[in-house]
Amino acid sequence: MIWLIGAKGMLGTHVARLLTEKDLFWTGSGSEVDISNPAAVENFITSTETNYYLSSHKKFSNPKERKINWIINCAAYTAVDNAENDEEKARAVNTTGALNLARAARNHGAKLIHISTDYVFDGTSKVPYTEADKKNPTGVYGRTKSDGEDAICSSMSQYYILRTAWLYGFYGKNFVYTMTKLFNSKDEIRVVEDQFGTPTYCGDLASAILMIIEKSEKATSVFGKNSAPAYGIYHFTNEGQTSWLDFAKKIYAIGKKCGRVTKDCTITGCTTAEYGAKAPRPAYSVLSKEKIQKELRIKIPDWEQSLKEFMSDKRFEIQ
Ligand SMILES: NC(=O)c1ccc[n+]([C@@H]2O[C@H](COP(=O)([O-])OP(=O)(O)OC[C@H]3O[C@@H](n4cnc5c(N)ncnc54)[C@H](OP(=O)(O)O)[C@@H]3O)[C@@H](O)[C@H]2O)c1
């Protein structure tokens, strides 16, 4: 069975929907199963409770069916600016939580899919970051996530760490919803023009997560346990790159076309320094997807195409 952690978060909700659509056997939890507490993790993984919250519609006829063989960790302390004043809390979830899950997965023979971030890099590169590039996080959030990755790598071997960036999805606050709301309420807004990265639709990342599980399960059942896609760190974002300013302009243009933006708004650029966020952010965090494309042979949609589909979808509901 699959244990989805952070099942009610922005990405987690997308993954939960897909697991149910694909009729996979899964259970989910949020912060009521506190991953920073090793006893809570152990308790959940060994519980024989057969009707846990958010579980799929399938019911266990036998508690043994509850054996967890995959853990997907979408939980994190994600408030990047607050983390600067709250390192202890950010570390508890992002580092200790990751360590606890890695140890539990190893001890109980489960594989771990863990989500990480472009913030592990300092953003000084001029070309897309590969998985082999040296990490150098500049803020508390990035440091705690980077330490979480290291904790996993040194505790177990059967893990997939997926670094992603600039996420948006239907279920939670995100840049697309925020911009759309601002366009509909303000005459002029300013957006950062000197940070570059790739917007990523949670639905595309959720599909990649499920593809890893499916490929791994298929390969191991047909060819044995050493034939799963190679464990390790992978990058996954949509294709292409842009700045926050041009991302905002694209949201505006698409929003006008599909009726999400109903009035005129002027969008102007400002620098990171002018914007003055509390936490430092990488100026350039485009991630190379070569490794995951080669290993999983997946086609990754371009960010503009995914954004168009997202904004035209009936699930689009600003939060
Ligand atoms: N958002 C982005 O732009 C972005 C970019 C790059 C990477 N990422 C990474 O992508 C992943 C998903 O991000 P997201 O934006 O979907 O996150 P999110 O919406 O903030 O959701 C995070 C979830 O973590 C759960 N959580 C927090 N503390 C917990 C704890 N101690 N124990 C168990 N669960 C806990 C929360 O559960 P409750 O709802 O029950 O409180 C929440 O639903 C994270 O690893 C994040 O670092 C995000």
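Refer to the structure printed above.
Now for a look at the structure at hand. None of these values were measured; they are calculated from a predicted model.

**Considerations on the pattern of salt bridges**
Tallied over the entire structure, the rule returns 12 salt bridges. Of the charged contacts in the structure, one is a salt bridge between E87 and R91, with a shortest N-O distance of 3.1 Å. Here the residue E87 and the residue R91 both occupy positions in helix α4 (residues 87–108), the gap between them amounting to 4 residues, near one helical turn. Classification of E87 as partly exposed rests on a relative accessible area of 29%. Judged by its relative accessible area of 24%, R91 is partly exposed. When the shortest N-O distance is used, the salt bridge between K256 and D264 registers 2.4 Å. The class of K256 is partly exposed, set by a relative accessible area of 33%. Connected through shared salt-bridge partners, K135, E149, D150 and R163 make up one network.

**Notes on the nonpolar core**
Within the largest apolar cluster, 32 residues are counted, with the highest numbers of intra-cluster contacts made by L4, V15, L162 and I209. The biggest single contributor to this core is helix α7 (residues 202–223), with 8 residues. If near-sequence neighbours (up to four positions away) are discounted, I209 is found in contact with L11, V15, I72, I113, I115 and L162. Within the second largest apolar cluster, 30 residues are counted, among which are Y168, Y201, F247 and I251.

**Some details on the site of the ligand**
Taken together, 23 residues lie around the ligand, and L11, D34, T78, Y141 and K145 are the ones closest in. Contacts to the ligand include D34, whose side-chain N or O atom sits 2.8 Å from a nitrogen atom. Within the backbone of A76, a nitrogen or oxygen atom sits 3.3 Å from an oxygen atom of the ligand. Relative to its free-state accessible area of 910 Å², the ligand is covered by the protein chains to the extent of 80%. Classifying every residue of the shell around the ligand gives 13 nonpolar, 7 polar and 3 charged.

**Concerning α4**
Each α-helix winds once per 3.6 residues, and so residues spaced three or four apart point in a common direction. The end-to-end C-alpha distance of α4 is 30 Å, a good match for the 32 Å that 22 residues give at a rise of 1.5 Å each. Of all the residues in α4, the buried ones are A90, N94, T95, G97, A98, N100, L101, A102, A104 and A105. A positive backbone phi angle near 70° is found at G109, which sits one or two residues after α4.

**A word on helix α5 (residues 140–155)**
With 16 residues, α5 should cover 22 Å at 1.5 Å per step; its first-to-last C-alpha distance of 22 Å lies within 8% of that length. Considered for burial, the residues of α5 that qualify are V140, Y141, G142, T144, K145, S146, G148, E149, A151, I152 and S155. Those residues of α5 that are buried lie in contact with α3 (80–83), α4, β4 (111–117), β5 (159–164) and β10 (232–235).

Reading guide: rules and limits
Residues numbered from 1 in each chain as written. Predicted model: local features only at pLDDT ≥ 70, side-chain atom pairs only at ≥ 80, totals over all residues. Heavy atoms only, no water. Salt bridge = Lys/Arg side-chain N within 4 Å of Asp/Glu carboxyl O. Helix = DSSP H or I, 4+ residues; strand = E, 2+ residues; numbered from the N terminus. Buried < 20%, exposed > 50% of the residue type's maximum accessible area, 1.4 Å probe, protein only. Core = buried A, V, L, I, M, F, W, Y, C linked by side-chain atoms within 4.5 Å. Contact = heavy atoms within 4.5 Å. Near = heavy atom within 4 Å. Polar contact = N/O pair within 3.5 Å; in protein donor to acceptor, adjacent residues only side chain to side chain. Areas by Shrake-Rupley, 256 points an atom, 1.4 Å probe, with all protein chains shown as cover. Nonpolar A, V, L, I, M, F, W, Y, C, P; charged D, E, K, R; others polar. Expected span 1.5 Å × (residues − 1).

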